[in-house]
Amino acid sequence: MAPWYPSLCEELAISPDQVELERMTKANQATLAGFETERADAEENLGETETSELLLKKAQYLAEIGDKVSAVLAYRVAFDKAATIGQRLDITFAFIRIGLFFLDNDLISRNIKKARSLIEEGGDWDRRNRLKSYEAIYLMSIRDFKGASQLFLDSLSTFTSTELMDYNEYVKYAVVVGMISLPRVDLKKKLIDAPEVLEVLVQAPQLEEYLKSLYDCRYAKFFQSLAAMEKNQLLTSRYLHVHTPYYVREMRIIAYAQLLESYRSLTLESMADSFGVSEDFVDRDLARFIAAGRLNCVIDKVNGIVVTNRPDVKNAQYQACIKQGDILLNRVQKLSRVINL
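What counts, and at which threshold
- Residues numbered from 1 in each chain as written.
- Predicted model: local features only at pLDDT ≥ 70, side-chain atom pairs only at ≥ 80, totals over all residues.
- Heavy atoms only, no water.
- Salt bridge = Lys/Arg side-chain N within 4 Å of Asp/Glu carboxyl O.
- Helix = DSSP H or I, 4+ residues; strand = E, 2+ residues; numbered from the N terminus.
- Buried < 20%, exposed > 50% of the residue type's maximum accessible area, 1.4 Å probe, protein only.
- pLDDT = per-residue confidence, 0-100.
- Pairing = 2+ DSSP bridges.
- Axes fitted to C-alpha atoms, helices over the stretch in contact; angles between N-to-C directions.
- Parallel < 35°, antiparallel > 145°, perpendicular 65-115°, else oblique.
- Left-handed = near helix turned anticlockwise from the far one by under 90°.
- Contact = heavy atoms within 4.5 Å.
- Nonpolar A, V, L, I, M, F, W, Y, C, P; charged D, E, K, R; others polar.

*Asks:* What am I meant to see in the pattern of salt bridges here?
*Replies:* Charged atoms that come close allow side chains of opposite charge to pair. Throughout the structure, instances matching the rule amount to 17 salt bridges. As a salt-bridge pair, Asp90 and Arg130 come within 3.4 Å of each other at their nearest N and O atoms. Taken together, the residues span a long stretch of sequence, with Asp90 in helix 5 (residues 85-102) and Arg130 in helix 7 (residues 125-141) at a distance of 40 residues. Asp90 sits in the partly exposed class, given a relative accessible area of 29%. Residue Lys301 is joined to Asp283 by a salt bridge in which the shortest nitrogen-to-oxygen separation is 2.6 Å. Of this pair, Lys301 sits in the loop between strand 2 (297-300) and strand 3 (305-308) while Asp283 sits in helix 16 (residues 279-291), and the two are 18 residues apart along the sequence. Here Lys301 falls in the exposed class, since its relative accessible area comes to 52%. The exposure class assigned to Asp283 is buried, which follows from its relative accessible area of 17%.

*Asks:* Explain the confidence of the model for the protein chain here, please?
*Replies:* Predicted coordinates in regions of low pLDDT should not be interpreted in detail. For the protein chain, per-residue confidence averages 87 on the pLDDT scale, and residues scoring 70 or more make up 97% of the total. Mean pLDDT values over the elements of the protein chain span from 80, in helix 17 (residues 313-340), up to 93, in helix 9 (residues 167-181).

*Asks:* Got a minute to help me understand the pairing of strand 3 in this structure?
*Replies:* Side-chain direction in a regular strand flips from residue to residue, so the side chains alternate between the two faces of the sheet. Here strand 3 shows one buried face, formed by Val306 and Thr308, and one open face, formed by Ile305 and Val307. Relative to strand 3, strand 1 (residues 265-267) is paired through three bridges, and the arrangement is antiparallel. Counterpart to Thr267 in the pairing with strand 3 is Ile305. Bridging between strand 2 and strand 3 involves four bridges; their strand directions are antiparallel. By the bridge assignment for strand 3, Ile299 is matched with Val306. Hairpin remark: strand 2 followed by strand 3, antiparallel, with four residues in the connecting loop; positive phi at Gly304, about 70 degrees.

*Asks:* Explanation requested: the packing of helix 14 (residues 244-260) against helix 15 (residues 268-275) in the structure shown.
*Replies:* At a minimum axis separation of 12 Å, helix 14 and helix 15 run at an interaxial angle of 125 degrees. Comparing their axes, helix 15 and helix 14 come out oblique. Helix 14 and helix 15 meet at a crossing whose hand is right-handed. Every residue of helix 15 that contacts helix 14 at Ala255, Tyr256, Leu259 and Leu260 is listed here: Met271, Ser274 and Phe275. Of the residues assigned to the contact of helix 14 with helix 15, the class counts are six nonpolar, one polar and no charged.

So this is what it looks like as structure tokens:
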């Protein structure tokens, strides 16, 4: 991977090994020269099919050694030469994989749109399901956890995209993303009781404890599991590490809201005991989330209790109606002024 090596050294703030870099570069040049020789021979003595296969083989090699620009250009040439929709879809998936490796969201999103269009033209069942896996990982990487969760769950039983990751890792991501986006009732049906998930949870006790402790309302154990997941799963994930603070914060809100939903009021002391933390920690944490409008409760510091104030649904709908009505009236007035002119 000579083309990628210098950029990696720059990112890690270390000096590249020039001798090793030169050795790798010469090996790349020799291999690419071999491709050019084979291609010239194929164009002269063989047909278009063999030439297209060599173009694709060269593009795959450039992608493998981390030469992003050259790989993208080579795949574009191969795409133009592709004879079938299936071949074009496979090349489009290759573009998405390059985008995922370099976390190039523009390259990924453009080719996901292209893949959707090609599938509508006549993509087969297998490639249709593979696209769900590609899109699920992309949505997860840009923090669209709700959209990603739906695609993860839809593709669990039909997953074949082992070029992205192995099946066990895919299921782990489905659980992690599902917990932040699914309502509690769906955790049981779509994750805890799902046979595809159960098979993996047996081999991942930490993930199993994380999932079941929240559903079973064992909040002290859940907080411990969340800390372990942050350290071992989120921060080590190339897709989720940048979203770790957001994810951990949202999961704490979900746990607090789940406990508060069962009570009109409860003491700070009992709440701290439930989560296995100090009263000061709960006080600070709740205050921050209440001020941000994320929890429907107030803290009575004098009496040391937390009082829930569940929102009135009808009143909220009325306020939303008034707000939308004002917006509509403003737009009608603007339109009438334009028409009068």
